[in-house]
Amino acid sequence: MTPRSFAFIAALVKSRSGLVLAAEQGYMLETRLGPILKREGLADFEALAERLQGPGGHRLAEAVTEALTTNESSFFRDGRPFEHLRRLLPGLAAARGAGMPLRLWSAACSTGQEAYSIAMILAELAPQLGGCRADILGTDISQAVVTRARQGRFSQFEVQRGLPARLLVRHFRQEEGRWQVAPDLREMIRFERWNLLADLRPLGRFDVIFCRNVLIYFDAPTKARVLEAMAAQLAPDGVLYLGGAETVLGLTDRLVALPGERGAYRRAGMAALAG
Amino acid sequence: MTAPAGQGTCLVVDDSRVVRKAARRILEGLGFQVREAGDGAEALAACRAEMPRAVLLDRNMPVMDGIAFLRAARAEFGPDRPVVVLCTTEAAMERIVEALEAGAQEYVMKPFDAALLQDKLIQAGLLPDPAA
Ligand SMILES: C[S@@+](CC[C@H](N)C(=O)[O-])C[C@H]1O[C@@H](n2cnc3c(N)ncnc32)[C@H](O)[C@@H]1O
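Residues numbered from 1 in each chain as written. Chains lettered and ligands numbered in written order. Predicted model: local features only at pLDDT ≥ 70, side-chain atom pairs only at ≥ 80, totals over all residues. Heavy atoms only, no water.

**Side note on helix α5 (residues 80–96) of chain A**
Residues and elements named next belong to chain A.
Item 1. The terminal C-alpha atoms of α5 lie 24 Å apart, and with 17 residues this matches the ideal 24 Å at 1.5 Å per residue to within 8%.
Item 2. Largest kink in α5: about 35°, centred on Leu88, with the proline Pro90 one to four residues after it.
Item 3. For α5, the full list of buried residues reads Pro81, Phe82, His84, Leu85, Arg86, Leu88, Leu89, Leu92, Ala93 and Arg96.
Item 4. Buried residues in α5 make contact with β1 (102–106), α6 (113–125), β7 (206–211), β8 (234–242) and β10 (264–267).
Item 5. Positive backbone phi, at 80°, marks Gly97, one or two positions downstream of α5. (Helix = DSSP H or I, 4+ residues; strand = E, 2+ residues; numbered from the N terminus. Expected span 1.5 Å × (residues − 1). Bend = angle between axes of the 7 residues up to and from the residue. Buried < 20%, exposed > 50% of the residue type's maximum accessible area, 1.4 Å probe, protein only. Contact = heavy atoms within 4.5 Å.)

**Thoughts on the UniProt feature "domain: Response regulatory" (unreviewed entry) in chain B**
Item 1. Residues annotated in UniProt with the feature "domain: Response regulatory" (unreviewed entry) correspond here to residues 9–125 of chain B.
Item 2. Each end of residues 9–125 of chain B is marked by a C-alpha atom, and these two atoms are 14 Å apart; helix forms 46% of the span and strand 21%. (UniProt positions renumbered as here; feature names shortened; annotations may be inferred.)

**Regarding empty space enclosed by the protein**
Residue and element names in this part refer to chain B.
Item 1. Applying the stated criterion across every chain, the model contains one cavity of 30 Å³ or more.
Item 2. Volume-wise, the largest cavity comes out at about 50 Å³.
Item 3. Those elements giving two or more residues to the lining of the largest cavity turn out to be β1 (9–13), α1 (17–29) and β3 (54–57).
Item 4. Of the residues that constitute the lining of the largest cavity, the class distribution is eight nonpolar, no polar and three charged. (1 Å grid on protein atoms, 1.4 Å probe; cavity = no way out; pocket = protein on both sides within 12 Å on 5 of 7 lines; lining within 4 Å. Points joined across faces, edges and corners; volume = space filled by probe spheres on them. Nonpolar A, V, L, I, M, F, W, Y, C, P; charged D, E, K, R; others polar.)

**Concerning the confidence of the model for chain B**
Item 1. Confidence in the prediction for chain B averages 93 pLDDT; 95% of positions are at 70 or higher.
Item 2. Per the prediction output, this complex has pTM 0.94; the corresponding ipTM is 0.92. (pLDDT = per-residue confidence, 0-100.)

**Observations regarding the interface of chain B and chain A**
Item 1. Contact with chain B, which involves 19 residues of that partner, is made by 20 residues of chain A.
Item 2. When the two sides are added together, the surface that chain B and chain A hide from each other amounts to roughly 1,400 Å², 60% of it contributed by carbon and sulfur.
Item 3. At the boundary of chain B with chain A, the tally comes to seven residue pairs in polar contact (both at pLDDT 80 or more).
Item 4. Counting only elements with at least two residues in the side of chain B that touches chain A, the list comes to α4 (93–101), β5 (106–109) and α5 (114–123) of chain B.
Item 5. Split into classes, the residues belonging to the side of chain B that touches chain A amount to 13 nonpolar, one polar and five charged. (Buried area = accessible area lost by both parts, 1.4 Å probe. Polar contact = N/O pair within 3.5 Å; in protein donor to acceptor, adjacent residues only side chain to side chain.)

The following block contains the structure:
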């Protein structure tokens, strides 16, 4: 790939998704985009760059962007935020009461493990939530992973990563060697395609936001912008969870870390509310 | 990964020496002291001689199979000791339910690798969660 094509594709992907591609990722670009070249009958990356600028380039740009996302995920990934969520939910439910459903958002949900993990916790805590309902939204920029997340079908390998056996037998059914999430859990979640760089206001207000292992791929201004947009959608007593390698420090002062917690944040100036 | 510290003893029960050896390598890398048994009867004797902290237990074995060992161990030593992780090619839902009802703490479907086994040992409470 010529430096020119690389620069063009990297700029396109960054403007669409926020993903930053470093020059040394040229090889990764070539392997991930190879199938697209083949499918489109393009000779090389120069031809791809050209096609991206031509008519129909928009749809192709979407495919290129999706192909460059990293979709690694697992159930109950990094444990800690889910432990915190367990402690948080009873208080939140009590504050909302039976009339107002809790709204939880898995903001870069990939194949859905995060959203399903949240649903399992809600199912487990249901007796302590006093009839408070909960809606979970999972969103991702990639249509392919959103489709997979909706199906809720996982491989033997995937259901062993992070998922205790007792939860596997409680919430999954076995179908032709794959593991299918049971209907009651699936009904708690809606999966939609959504770009974190787009306007987030139509998604509404959330009590809990999981935005993990996606900001690491963005540059600082994009991280700041996404964090501030999410802060605006977070309830005054709500909590935002970031990934293990992510922080708000130096990016925004609209979010502050919960005392004594790693990776859990609330809106600034709301100290009295977040228990 | 953090340097493995003493995680106690894990008894590896499998009729295949190759599998025992592979499991031993992984478990030692995670800080366990490893003992081996070739079937359930040997495993039961090993527990009576000296109770291991954990048992990594194959299902299908001659003489006494994994489930028979598990039931005998639970009857004799109670529900918590030793912590038992089934490790088997049997991946049918009923098999997993049966093992959990018989008192297994966790269940590994083969094939497995070091990362998966480590993950399951964390879920069984045998290893600290690195993220915690
Ligand atoms: C590594 S996965 C993280 C999955 C899950 N949150 C977790 O921590 O296990 C990152 C996901 O972010 C998605 N993503 C990347 N850029 C995005 C954007 N601008 N808007 C929404 N999702 C995005 C990718 O498609 C990918 O599925």
